[in-house]
Amino acid sequence: MTAGILDPTISSTSRRDRPGGPVSTTQSVAAPQVGTLQGRRVGLLENTKRNAAALLDALGAVLTDTDHVDLVRMTKQDFAMPLTEDVVDGIICDCDVVVIGVGDCGSCSAAAVADGIALEQRGVPVAVLCTEAFEVTSRAMAGLKGRPDFPVLLMPHPIANLTAGDLAERGQTLASRVRGHFLGPAA
């Protein structure tokens with residue numbers, strides 16, 4: 001007997017196109033690293049979770065100061081569902097790299113990883129931010145999407161109750177990790 005894996009991130013916007021059988025788990029390819037962040041358009045895709053926007057704003061402020069990036073702020077209205085193709089198309093036109101955050105529950109962590117993989121398959125390097133409490137969920141979705149090695153930048157859980165000072169500090173810490181993620185080990 002064989003068992004199929006159902007993909008919980010299939011968009012609900014096109015029910016007729018939804019596959020009825022198991023989801024393919026073919027290996028997908030990572031987007032290339034970038035040589036520099038300087039002058040790049042860095043997308044900050046927040047998912048409406050409490051403190052996600054503030055954390056990404058703190059991270060973006062550091063990257064703007066240190067790397068002179070142009071920020072493109074975006075909001076994902078349904079944190080548990082994958083991005084639609086038209087939204088992905090818009091992101092790849094507007095951004096050179098994207099930071100997705102913040103995965104701090106099971107469904108939003110899984111969706112953030114699925115979104116990151118979808119963007120990377122289209123050639124846009126992505127950094128996905130999730131809390132440590134949902135590492136297993138993040139890794140499970142990465143495996144389901146054919147990227148068991150997909151890197152997720154983990155941070156302490158939770159973020160919802162952090163103060164403005166805590167968020168600024170967390171943004172500062174994450175900025176160097178995000179920079180290293182996009183530039184590679186030599187950064």
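Above: the structure in question.
This is a predicted model, so every value here is computed, not measured.

S.K.: Would you mind going over the pattern of salt bridges in detail, with residue names and values included?
M.R.: Evaluation of the coordinates by the stated rule reveals 10 salt bridges. Its salt-bridge partner being Asp-57, residue Arg-73 comes within 2.8 Å of it at the nearest N-O pair. Here the residue Arg-73 occupies a position in strand E2 (residues 70–75), and Asp-57 occupies one in helix H1 (residues 52–67), the gap between them amounting to 16 residues. Assessed through its relative accessible area of 34%, Asp-57 is described here as partly exposed. Within the structure, one salt-bridge network assembled from shared partners comprises Glu-85, Asp-89 and Arg-122.

S.K.: Which residues make up the side chain of Asp-115, and what are the values?
M.R.: Mapped onto the elements, Asp-115 comes out in helix H3 (residues 106–121). A relative accessible area of 3% places Asp-115 in the buried class. Discounting chain neighbours no more than four positions away, the residues touching Asp-115 are Lys-76, Met-81, Pro-82, Leu-83 and Ile-100.

S.K.: Summarise the side chain of Thr-131; cite the residues concerned and give the values.
M.R.: Mapped onto the elements of the fold, Thr-131 is located in strand E4 (residues 126–131). Residue classification places Thr-131 among the buried positions, given a relative accessible area of 0%. Of the polar contacts made by the side chain of Thr-131, one reaches the side chain of His-157; its length is 2.9 Å. Apart from the residues lying within four places of it in its own chain, the contact partners of Thr-131 are Val-102, Gly-103, Asp-104, Leu-154, Met-155, Pro-156, His-157 and Ile-159.

S.K.: Account for the packing of H3 against helix H4 (residues 135–144), with residues named and values stated.
M.R.: Packing of H3 against H4 leaves a shortest axis separation of 8 Å and a crossing angle of 40 degrees. Every pair of crossing elements has a handedness; the one defined by H3 and H4 is right-handed. Residues Gly-106, Ser-109, Ala-110, Val-113, Ala-114 and Ile-117 of H3 form the contact with H4, whose own contacting residues are Thr-137, Ser-138, Met-141 and Ala-142. Per-class residue counts for the contact of H3 with H4 are six nonpolar, four polar and no charged.

So, how was this worked out
Residues numbered from 1 in each chain as written. Predicted model: local features only at pLDDT ≥ 70, side-chain atom pairs only at ≥ 80, totals over all residues. Heavy atoms only, no water. Salt bridge = Lys/Arg side-chain N within 4 Å of Asp/Glu carboxyl O. Helix = DSSP H or I, 4+ residues; strand = E, 2+ residues; numbered from the N terminus. Buried < 20%, exposed > 50% of the residue type's maximum accessible area, 1.4 Å probe, protein only. Contact = heavy atoms within 4.5 Å. Polar contact = N/O pair within 3.5 Å; in protein donor to acceptor, adjacent residues only side chain to side chain. Axes fitted to C-alpha atoms, helices over the stretch in contact; angles between N-to-C directions. Left-handed = near helix turned anticlockwise from the far one by under 90°. Nonpolar A, V, L, I, M, F, W, Y, C, P; charged D, E, K, R; others polar.

These figures come from the coordinates and say nothing about function on their own.
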